[in-house]
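Structural features, examined
As a plain string of letters, each chain reads:
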Amino acid sequence: MQLTVINPATGQEIIKLDEDNDQSLSEKFTNLKIGQSNWQTIPLQQRVDILMRFHLLLENHQAELADLLTSEVGKPLQQSINEINGARGRIAWLCKHATTYLADEYMVEEANMGEKIVYEPLGIICNISAWNYPYLVGINVIIPALLAGNAVLYKPSEFASLTGLQIRKLLLEAGVPKNVFEIAIGKGPVGAALLDMELDGYYFTGSYQTGQFIYQKLAHKMVPCQLELGGKDPLYITDDIADIKNTAIGTADGAFYNNGQSCCSVERIYVHELVYDKYVAAFVEEVTSWKIGSAMDEGVYIAALTRPAQIEILENQVQDALTKGAQLLCGGKRIARPGNYFEPTVLCQVTNDMLVMQEESFGPIIGIMKVCHDEEAISLMNDTVYGLTASVYSRSQKRAEAILAKVNAGTGYWNCCDRVSPALPWSGRKHSGFGATLSHAGLRAFTKPKAYHLKGDWKKTAV
Ligand code: NAD
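This structure is a prediction, so every number in the text was calculated from the model and none was measured. (Residues numbered from 1 in each chain as written. Predicted model: local features only at pLDDT ≥ 70, side-chain atom pairs only at ≥ 80, totals over all residues. Heavy atoms only, no water.)

**Things to note about the overall build of the chain**
The secondary structure content of the chain amounts to 15 helices and 22 strands. Computed over C-alpha atoms, the radius of gyration of the chain comes to 23 Å, within 12% of the 23 Å expected from 2.2 N^0.38 for 463 residues, which places it in the range of a compact globule. By its C-alpha atoms, the chain is 70 × 55 × 40 Å across when sized along the principal axes. Burial statistics for the chain: of 463 residues in total, 58% are counted as buried. Long-range contacts, defined here as pairs at least 24 residues apart, represent 71% of the contacts in the chain between residues at least 6 apart. Counting every atom, the chain has about 19000 Å² of accessible surface; 53% of that belongs to carbon and sulfur. Across the chain, the 41 positively charged side chains and the 51 negatively charged ones have centroids separated by 4 Å. (Helix = DSSP H or I, 4+ residues; strand = E, 2+ residues; numbered from the N terminus. Rg over C-alpha atoms; globule rule 2.2 N^0.38 Å. Buried < 20%, exposed > 50% of the residue type's maximum accessible area, 1.4 Å probe, protein only. Contact = heavy atoms within 4.5 Å. Areas by Shrake-Rupley, 256 points an atom, 1.4 Å probe, with all protein chains shown as cover. Lys, Arg positive; Asp, Glu negative; His and termini not counted. Charge placed at Lys NZ, Arg CZ, Asp CG, Glu CD.)

Structural data, given as structure tokens:
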């Protein structure tokens, strides 16, 4: 079988790739088994050095990597460059802290009794990934998994296969041995085939629907499984914000950056009635000022969506909202040109039962709703099956934290949104998944802790 890679900006074919099949996957698995047993014996500091060389290669090849990324996922070139730089920041953090968080941990150091935790690698881990930030979400798994001494079987999204192949090429160039990192090319059925293999852990980034399928399919295996899934991330503007215009500009970016195709994009906005009119006017002014066009052109902010099928979902959300009484302030339809373009769309007078306020949009569309007080905002923010991030804009940190404490989401933002830090755990709740990447938790997510009880004349040793 062959996978056709399409440029979403033109609808034209870029290349055809051979898909993996049962036989090629089985060969890769055999090789990874051999590779992993050697890789885990390499001292941690050496693994760190190799992955820091990968960090350097991303810098050296930034321009060509960004071109390739834009050609297959359609994001504006500057955003591709930003993504590669963001990935480098995460690699640097993970490498810097690996020696602390993956080292043996001594919990009890008494004369006649020592107790320590050793963080052993899982073995061969599988990473099935998404296309919207292939460097960022890929690196969240690949780097800590390799640092911990695992081998990785990586399945990039079928919409980001060329970037996946580049990641492999540069990892090998950096010094990762050949049989330690392998790639599986293909669509959903290739991902499904990986679930039948005897891998030691499964780390998935993608939609709730696929995540749920994977979780059910893996249940009998009793191996670690982490799911980083979708979101319907709410943002609340309180009545005491200092600067309405700049708040509107910043939050519009949080909703529309990468064409809204981020798991932590702002997907719903609630605004206190006292600032609602001014905020909405400034928001629409910002959205209608953006340049729409080819991702390669300077200054373009809204380019093509990656997947053609998403356009129909957005059209359906607009239709549903208008039928239920919403008002369209701008956008609302596909742009008539080759490729997957949709106008940046703002809807007001929305209610929480509308699809645009419930279903992950993953596109350039937002619903803005007026609220009377904080309790109403909290209740609406929690009215979702998802629980990835939530954001509050207010002059008062105390007020914002009190609100965020009542919202069931893995991340809370005060006066910011749509951001990820390598120092903090990235984790969802409810249909947004479970487990954590990044931070000390994400470094240890690819290990199995072994407890040692050392009685007698014990000493500190590396196992
Ligand atoms: P998707 O679920 O369609 O696909 C994800 C991956 O799963 C792809 O590699 C795909 O080929 C594979 N796959 C599809 N069917 C499969 C099956 N039956 N068995 C095994 N693998 C299968 O998701 P997507 O469109 O690639 O990504 C978008 C989604 O990812 C959004 O919901 C977004 O919010 C979410 N996402 C979440 C995070 C996070 O950190 N929480 C980050 C990025 C994206």
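**Considerations on the sheet that holds strand E10 (residues 233–237)**
Taking strand neighbours across the sheet as the criterion, the seven strands line up as E14-E15-E16-E11-E10-E18-E19 in an open arrangement whose pairing is mixed. Of all the strands in the sheet, just strand E14 (327–330) and strand E19 (411–414) have a single pairing partner and so form its edges. Taking each pair of neighbouring strands and ignoring which way they run, the sheet shows an average axis angle of 20°. Strand direction decides the pairing type here: E10 and strand E18 (residues 389–393), joined by three bridges, are parallel. (Pairing = 2+ DSSP bridges. Axes fitted to C-alpha atoms, helices over the stretch in contact; angles between N-to-C directions.)

**Topic: the pattern of salt bridges**
Applying the stated criterion to the full structure yields 20 salt bridges. Salt-bridge contacts for Asp-20 lead to Lys-28; the nearest nitrogen and oxygen are separated by 3.0 Å. Using a relative accessible area of 11% as the deciding quantity, one classes Asp-20 as buried. In this structure Lys-28 comes out as buried when scored by relative accessible area, which is 16%. Salt bridges sharing partners connect three or more residues here, namely Asp-239, Asp-240, Asp-374 and Arg-399. (Salt bridge = Lys/Arg side-chain N within 4 Å of Asp/Glu carboxyl O.)

**Thoughts on the domain arrangement of the chain**
For the chain, the assigned domains are domain 1 (2–229 + 432–455) and domain 2 (233–414). The centre of domain 1, based on its C-alpha atoms, is set 31 Å off from the matching centre of domain 2. Each partner contributes to the interface: domain 1 provides 21 residues, whereas domain 2 provides 22 residues. Buried area between domain 1 and domain 2, both sides added, is near 1900 Å², and the carbon and sulfur share of it is 55%. Considering only the surface of domain 1 that becomes buried against domain 2, Gln-79, Trp-131 and Ser-432 emerge as the three largest contributors, covering 29% of it. Going through the elements one at a time, helix H3 (62–73) and helix H4 (77–101) are the ones with two or more residues in the side of domain 1 that touches domain 2. Of the residues contributing to the side of domain 1 that touches domain 2, the split by class is ten nonpolar, eight polar and three charged. (Domains from an automatic or database assignment. Buried area = accessible area lost by both parts, 1.4 Å probe. Nonpolar A, V, L, I, M, F, W, Y, C, P; charged D, E, K, R; others polar.)

**Details of the packing of aromatic side chains**
Under the definition given, this model contains ten aromatic pairs. Each ring, one from Tyr-279 and one from Phe-283, has its centre 5.7 Å from the other, and the planes form 40°; the classification is tilted. With Tyr-279 and Phe-283 both in helix H10 (residues 276–287), this residue pair falls four residues apart, about one helical turn. One exposure class covers both Tyr-279 and Phe-283, and it is buried. Feature note: the residues Phe-256, Tyr-279, Phe-283, Trp-290 and Tyr-301 constitute an aromatic cluster, connected by ring pairs. The positively charged end of Arg-47 is found above the aromatic ring belonging to Trp-39, 6.0 Å away from the centroid. (Phe/Tyr/Trp six-rings, centres within 6.5 Å; stacked < 30°, edge-to-face > 60°. Lys NZ or Arg CZ within 6 Å of the ring centre and 35° of its normal.)

**Digging into the pairing of E18**
Burial runs high along E18: five of the five residues are buried. Here E18 shows no split at all, with Thr-389, Ser-391 and Tyr-393 on one side and Ala-390 and Val-392 on the other all buried. Pairing of E18 with E19 involves four bridges; the strand directions are parallel. Looking at E19, one finds that Thr-389 is bridged to Thr-411. Handedness of the E18-helix H14 (residues 397–405)-E19 crossover: right-handed. (Right-handed = clockwise from strand over helix to strand, strands pointing away.)

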